[in-house]
Amino acid sequence: MENEVRRRIMDERLKKVKDRMSKVKHKIAVISGKGGVGKSVVTVNLAMAFAVHGYDNRVGILDADITGPSVPKIIGLQGERLVAEPQGTVIPAVGPLDIKVVSMGFLLQTEETPVIWRGPLKARAINQFLSDILWGELDFLFIDLPPGTGDEPLSIMQLLPEMDGVVIVTIPSEVSQIVVKKAVTFAKHLKIPIIGIIENMSGFICPKCGEEIDIFKRGGGQKISEDMNVPFLGRIPIDPEICEYSDKGLSFIVEHKNSPAAKAFMEIVKKIEEFLKSKE
Ligand code: ADP
């Protein structure tokens, strides 16, 4: 009986989240096998690349990385608070290029306070949070999930309706190849299509001589995509400006549009568009 009630509540919540997201055409989750590979930086820059590509005013980011929400800082919205409407709806904040942003980080008391939620409270908070957001009409919503393939990203994924697919971010070293396999298995287990793998921090272009240096060994992402029969979306080199712009919350894609990293993001946009077209 108790289970039945719980299931009904869950179904109702899922329905509400689905309604709220019904005007979002494409929902894409960004995952990684482990933290620190640049998942959030890739999510933000990908969203910006889509906005620049012609989807301006039609792109959103949901920062669902509850343990370490870093999107607000990267997109220059640190310290922002969400506006709650009387009917219990939440209006996203608006970042550069009119990107709509909602982050768990907006719910924190101060920037230094980590979010420490206990299990059941956490599930309830996320659930409530997702069902309250009024995204409006969007072409793309990018979801920055918590790192890894454990309970946390899993439970959030299960709350999100009709995902178009996941993008897996990795760095090109052996150890990350093992963890990326877990990420591939994770998406397959959830029956969510894998749009492809992005190899971040792939090579370093010397700002002085322009020569490319492979700091972490190149090609790990490409190799794993071949091994696991998953598309490869592209390589983003290490660019100190990405770090600099992320720290300042400025748009790297706009300010450095001719850099190899910005061009790589724009190529990835086209590949994701092709993927979505092939699904129509
Ligand atoms: P994750 O979300 O996977 O934990 P972040 O996106 O927070 O990782 O990135 C970790 C750090 O690496 C940040 O300081 C970020 O600015 C930096 N970074 C990520 N990708 C790049 C890149 N391609 N070039 C330079 N710095 C990068």
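The rules behind the values
- Along each chain, the written sequence defines residue order, and numbers are assigned to residues from 1.
- Note on the predicted model: pLDDT of at least 70 is required for a residue's local features to be given, and 80 or more for side-chain atom pairs to be given and counted; whole-chain, interface and lining totals, by contrast, use all residues.
- Excluded from the side-chain calculations are hydrogens and water; all other atoms, namely the structure's heavy atoms, are used.
- For helices the rule is a DSSP run of H or I covering at least 4 residues; for strands it is a run of E covering at least 2, with both sets numbered from the N terminus onward.
- Here the term buried applies to any residue with accessible area under 20% of the maximum for its type, exposed to any over 50%, and partly exposed to those in between, with areas from a 1.4 Å probe on protein chains only.
- Contact criterion: two residues are considered in contact whenever any of their non-hydrogen atoms come within 4.5 Å of each other.
- Between any two strands, at least two bridges found by DSSP are needed for them to pair.
- The definition of a nonpolar core used throughout is a set of buried Ala, Val, Leu, Ile, Met, Phe, Trp, Tyr and Cys residues joined through side-chain atoms within 4.5 Å.
- It is the directions from the helix axis to the C-beta atoms that the arc portrays.
- Polar contact is defined as a pair of N or O atoms within 3.5 Å, subject to the rule that within protein one atom must be able to donate a hydrogen and the other to accept it, and that residues adjacent in sequence are counted only when both atoms are side-chain atoms.
- Nearness is defined per residue: one heavy atom within 4 Å of the molecule or strand is enough.
- Calculation of accessible area relied on Shrake-Rupley with a 1.4 Å probe; when residues are assessed, cover is drawn exclusively from the protein chains displayed.
- For this classification, the nonpolar set comprises Ala, Val, Leu, Ile, Met, Phe, Trp, Tyr, Cys and Pro, the charged set comprises Asp, Glu, Lys and Arg, and every other residue, Gly included, is treated as polar.
- The rule is short: rings of Phe, Tyr and Trp, with Trp giving its six-membered ring, pair when the centres are within 6.5 Å, and they are stacked under 30 degrees, edge-to-face over 60, tilted in between.

J.: Would you mind going over the side chain of Asp 65 in detail, with residue names and values included?
T.: Its location among the elements puts Asp 65 in the loop between β2 (59-63) and α3 (71-74). Classification of Asp 65 as buried rests on a relative accessible area of 6%. The residues contacting Asp 65, other than those within four sequence positions of it, are Lys 39, Asp 144, Leu 145, Pro 146 and Pro 147.

J.: With reference to specific residues and values, describe the pairing of strand β9 (residues 194-205).
T.: Most of β9 sits inside the fold, with 10 of its 12 residues counted as buried. Sheet topology places strand β8 (residues 165-170) next to β9; five bridges connect them, and they run parallel. Residue Val 169 lies in a different strand from β9, and its bridge partner there is Ile 198. Alignment of β9 against strand β11 (residues 232-238), held across five bridges, turns out to be parallel. Paired with Ile 198 across the strands is Gly 234, a residue of β11. Relative to strand β10 (residues 212-213), β9 runs antiparallel, the two sharing two bridges.

J.: Give me helix α2 (residues 39-55): which residues, what numbers.
T.: Among the 17 residues in α2, 14 count as buried, and that is most of the element. Asn 57 lies just past α2 and shows a positive phi near 75 degrees.

J.: Can you explain the side chain of Ser 131? Please cite residues and give values.
T.: Mapped onto the elements of the fold, Ser 131 is located in helix α4 (residues 119-132). Not counting residues within four places of it along the chain, the set of residues in contact with Ser 131 comprises Lys 16, Val 17 and Arg 20.

J.: How would you sum up the nonpolar core? Please name residues and give values.
T.: Among the nonpolar cores identified, the biggest contains 87 residues, and Leu 62 and Ile 272 are the most heavily contacted of them. Those residues in contact with Ile 272 that lie beyond four places of it in its chain are Ile 28, Leu 46, Phe 50, Val 167, Ile 195 and Leu 233.

J.: Outline unusual backbone geometry, listing residues and values.
T.: Its identity is not glycine, yet Asp 98 carries a phi of approximately 60 degrees, on the positive side. When its relative accessible area of 41% is taken as the criterion, Asp 98 is described as partly exposed. At Met 201, a position not held by glycine, the phi torsion is positive, near 55 degrees. Secondary-structure assignment places Met 201 in strand β9.

J.: Please set out helix α8 (residues 240-248) residue by residue, giving values where relevant.
T.: Think of an α-helix as 3.6 residues a turn; residues three or four steps apart then line up on the same face. Buried within α8 we find Ile 242, Tyr 245 and Ser 246. One side of α8 carries all its buried residues, which in axial view fall inside an arc of 100 degrees. Those residues of α8 that are buried are in contact with α2, α3, β11, α9 (252-255) and α10 (260-279). The residue sitting at the N-terminus of α8 and contributing the capping side-chain oxygen is Asp 239; that oxygen lies 2.9 Å from the backbone nitrogen of Glu 241. Within two residues after α8, Gly 249 carries a phi angle of roughly 70 degrees, on the positive side.

J.: Hey, could you go over the site of the ligand for me, with residue numbers and the actual values?
T.: Within the structure, the ligand sits among 16 residues, and Gly 36, Gly 38, Lys 39, Val 41 and Asn 200 are positioned closest to it. Note that an oxygen atom of the ligand is positioned 2.9 Å from one of the backbone N or O atoms of Gly 38. The protein chains hide 80% of the 570 Å² of surface that the ligand would expose on its own. Looking at the shell around the ligand, the elements with two or more residues in it are α2, β9, β11 and α8. Of the residues in the shell around the ligand, the class split is eight nonpolar, six polar and two charged.

J.: I'd like a description of the packing of aromatic side chains, backed by residues and values.
T.: Following the criterion strictly, the structure yields six aromatic pairs and no others. Their ring planes at 50 degrees and their centres at 5.3 Å tell us that Phe 50 and Phe 142 sit as a pair that is tilted. Of this pair, Phe 50 sits in helix α2 while Phe 142 sits in strand β7 (residues 138-144), and the two are 92 residues apart along the sequence. Like Phe 142, Phe 50 is buried. Plain terms: the ring middles of Tyr 245 and Phe 252 are 6.3 Å apart, the flat faces sit at 75 degrees to each other, and that makes the pair edge-to-face.

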